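Chain by chain, the residues run as shown.
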Amino acid sequence: MIDDYTADATLRSIEDNLTHLRTDRVDIVWVHDIAQDFHGDDWLHVYETARTGAFRVPQRLRDEGVIKAWGLGVNRVGRSS
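Residues numbered from 1 in each chain as written. Predicted model: local features only at pLDDT ≥ 70, side-chain atom pairs only at ≥ 80, totals over all residues. Heavy atoms only, no water.

### Topic: unusual backbone geometry
Here comes step 1: Backbone geometry at Arg-22 places phi at a positive 55 degrees, although glycine is not the residue there.
Here comes step 2: Note on placement: Arg-22 falls in the loop between helix 1 (7–21) and strand 1 (26–32).
Here comes step 3: Positive phi is not limited to glycine here, since Asp-33 has a value of about 60 degrees.
Here comes step 4: As for its placement among the helices and strands, Asp-33 is situated in the loop between strand 1 and helix 2 (36–39).
Here comes step 5: Residue Asp-33 is classed as partly exposed on the basis of its relative accessible area, which comes to 22%. (Helix = DSSP H or I, 4+ residues; strand = E, 2+ residues; numbered from the N terminus. Buried < 20%, exposed > 50% of the residue type's maximum accessible area, 1.4 Å probe, protein only.)

Dropping the structure here:
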């Protein structure tokens, strides 16, 4: 599996899922596995790629009414003491 957080890959993934589900809209889209626990020391680069690519697609699709909401699916959101 290749993690691709670019806008093109994200749009392709959502379009493929809409086709597979035989629908033209969904309630929620999750951008997942972009945190340090998944990508190690490279996580900031991965997050920046997602921020400038993957995050823009569901935002636009939400504005267009294709999805109702979107969010991040991560295991950890901060450091624990």
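### Description of the pattern of salt bridges
Note on pairing: side chains with opposite charge can pair once their charged atoms come close.
Here comes step 1: Enumeration according to the criterion identifies 5 salt bridges in this entry.
Here comes step 2: The closest approach of N and O atoms between Arg-25 and Asp-24, which form a salt bridge, is 3.3 Å.
Here comes step 3: The class for Arg-25 is partly exposed, based on a relative accessible area of 47%.
Here comes step 4: For Arg-60, the salt bridge is made with Glu-64, and the minimal N-O distance between the two is 3.6 Å.
Here comes step 5: Overall, Arg-60 belongs to the partly exposed group, its relative accessible area being 37%.
Here comes step 6: Overall, the relative accessible area of 47% leaves Glu-64 in the partly exposed class. (Salt bridge = Lys/Arg side-chain N within 4 Å of Asp/Glu carboxyl O.)

### Here we look at the packing of helix 1 against helix 4 (residues 56–63)
For any two helices packed against each other, one specifies the crossing angle of their axes together with the interaxial distance.
Here comes step 1: One way to put it is that helix 1 packs onto helix 4 with a least axis distance of 8 Å and a crossing angle of 50 degrees. With respect to each other, helix 1 and helix 4 are oriented oblique. Taking contact as the criterion, the partners of Ala-7, Thr-10, Leu-11 and Ile-14 in helix 1 are, on helix 4, Val-57, Pro-58, Arg-60 and Leu-61.
Here comes step 2: When grouped by side-chain class, the residues that make up the contact of helix 1 with helix 4 number 6 nonpolar, 1 polar and 1 charged. (Axes fitted to C-alpha atoms, helices over the stretch in contact; angles between N-to-C directions. Parallel < 35°, antiparallel > 145°, perpendicular 65-115°, else oblique. Contact = heavy atoms within 4.5 Å. Nonpolar A, V, L, I, M, F, W, Y, C, P; charged D, E, K, R; others polar.)

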